[in-house]
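Chain and residue survey
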Amino acid sequence: MKTLTEYLWFETKARRELVRLTDTVAALVKKSGIQEGMVLVSAMHITAGVFVNDDEPGLHEDIWDWLQHLAPSGPDYRHHRTGEDNGDAHLKSMLVHHQVLIPVTAGKLDLGPWQQCFYAEFDGQRRKRVIVKVMGD
C-alpha cells in the first residue's frame, strides 16, 4: 500500500469562509500514484470543518444561514467565560464535521457529478491547516 501525507495551510481573510479543495486534493491523489484507495481530508482545528457538496453560491448561502440558525454567533455561550468569543464556531464545526473520506477509483477522486470538497472556516483570520492523507494501491 502507498501513502501520501500533505498539509494544506490557510489564513482566511474573513472569520467565515469556504475554500474549495477539490482540485488540490485531486492533484495530491495524482502525486501519490495510487489507483484504488481512499483520501482523508481533515481539518486540524476545532473551529473549522470539511464537507462534500455542490459548488453553487445559493447553496453556500443556505448552508451559512442554516448553521447560523442552529449555532448563532453572538449569544453568551459558556465557552466565552474562558475569554474566547467563538463558541458558535465550535458548534458549527460539530454540525459540518471535521473530515471526509473520498474514494479513489482508477487514479481519480470518485465523486458524484456535482460533488466538490470544501474547507469551511468558522473562526478565521489566523493560520489553520488541513491534513490530506492518500492511501491505496
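How each quantity is defined
- Note that residues are indexed from 1 along each chain, following the sequence as it is written.
- Residue-level local features of this predicted model are given only where pLDDT is at least 70; pairs of side-chain atoms are given and counted only at 80 or more, and the full residue set underlies all totals for whole chains, interfaces and linings.
- Excluding hydrogens and water, the side-chain figures rest on all heavy atoms present in the structure.
- Only protein chains enter the area calculation, which uses a 1.4 Å probe; residues under 20% of their type maximum are buried, those over 50% are exposed, and those in between are partly exposed.
- Every helix listed is a DSSP run of H or I at least four residues long, and every strand listed is a run of E at least two residues long, numbered separately from the N terminus.
- Note that the arc is defined by the directions from the helix axis to the C-beta atoms.
- Note on pairing: two strands pair once DSSP finds at least 2 bridges between them.
- The criterion used for residue contact is that any of the two residues' heavy atoms lie within 4.5 Å.
- Every axis corresponds to a line fitted to the C-alpha atoms, with the helix fit spanning only the stretch in contact, and the corresponding angles, defined between N-to-C directions, vary from 0 to 180 degrees.
- Each pair of aromatic rings taken from Phe, Tyr and Trp, with Trp reduced to its six-membered ring, is defined by centres within 6.5 Å and is described as stacked if the planes are under 30 degrees apart, edge-to-face if over 60, and tilted in the remaining cases.
- Geometrically, a lysine NZ or arginine CZ counts as sitting over a ring once it is within 6 Å of the ring centre and also within 35 degrees of the ring normal.

Under the annotation held in an unreviewed UniProt entry, the chain carries the name YjbQ family protein and is attributed to Corallococcus exercitus.

For helix 1 (residues 22-32), the set of buried residues is T22, V25, L28, V29 and S32. The arc that holds every buried residue of helix 1, seen down its axis, measures 130 degrees, which confines them to one face. Across helix 1 from its buried face, at more than 90 degrees, point the exposed residues D23, K30 and K31. Of the residues one or two after helix 1, G33 is the one with positive phi, at around 80 degrees.

What follows is about the sheet that holds strand 8 (residues 127-136). Here we have five strands laid out as an open sheet, ordered 1-8-3-5-6, and antiparallel in their pairing. Looking at which strands have only one partner, the edges of the open sheet turn out to be strand 1 (2-11) and strand 6 (108-109). Across seven bridges, strand 3 (residues 37-43) lies against strand 8 in antiparallel orientation. When the sheet's bridge partners are listed, L40 is paired in strand 8 with K133. Helix 1 contacts strand 1, strand 3, strand 5 (99-105), strand 6 and strand 8 of the sheet and is inclined by roughly 150 degrees relative to strand 1.

Before going further, it helps to spend a moment on the environment of K31. Its location among the elements puts K31 in helix 1. Each C-alpha atom, one on K31 and one on E56, is 28 Å from the other, the two residues being 25 residues apart in sequence. Look past the residues within four positions of K31 in its chain and what remains in contact with it is L4 and E6.

Let us now look at the packing of aromatic side chains. Under the criterion given, the structure shown has three aromatic pairs. Ring centres 5.4 Å apart and planes at 25 degrees place the aromatic pair F51 and F118 in the stacked group. Highlighted residues: F51 in strand 4 (residues 48-54) and F118 in strand 7 (residues 115-121), separated in sequence by 67 residues. Assigned by exposure class, F51 and F118 land together as buried. Considering the side-chain rings of W64 and F122, the 5.8 Å spacing of their centres and the 85 degrees angle between planes classify their relative orientation as edge-to-face. Of this pair, W64 sits in helix 2 (residues 57-70) while F122 is found in the loop between strand 7 and strand 8, placing the two residues 58 residues apart along the sequence. Exposure class is identical for W64 and F122. Each is buried. One Lys or Arg, R127, reaches over the ring of W9 and ends 3.9 Å from the middle of that ring.

Examined against the element boundaries, E121 turns out to sit in strand 7. Given a relative accessible area of 1%, E121 falls into the buried group. Those residues in contact with E121 that sit more than four places away from it in its chain are T12, R15, R16, E17, T47, A48, W64 and K128.

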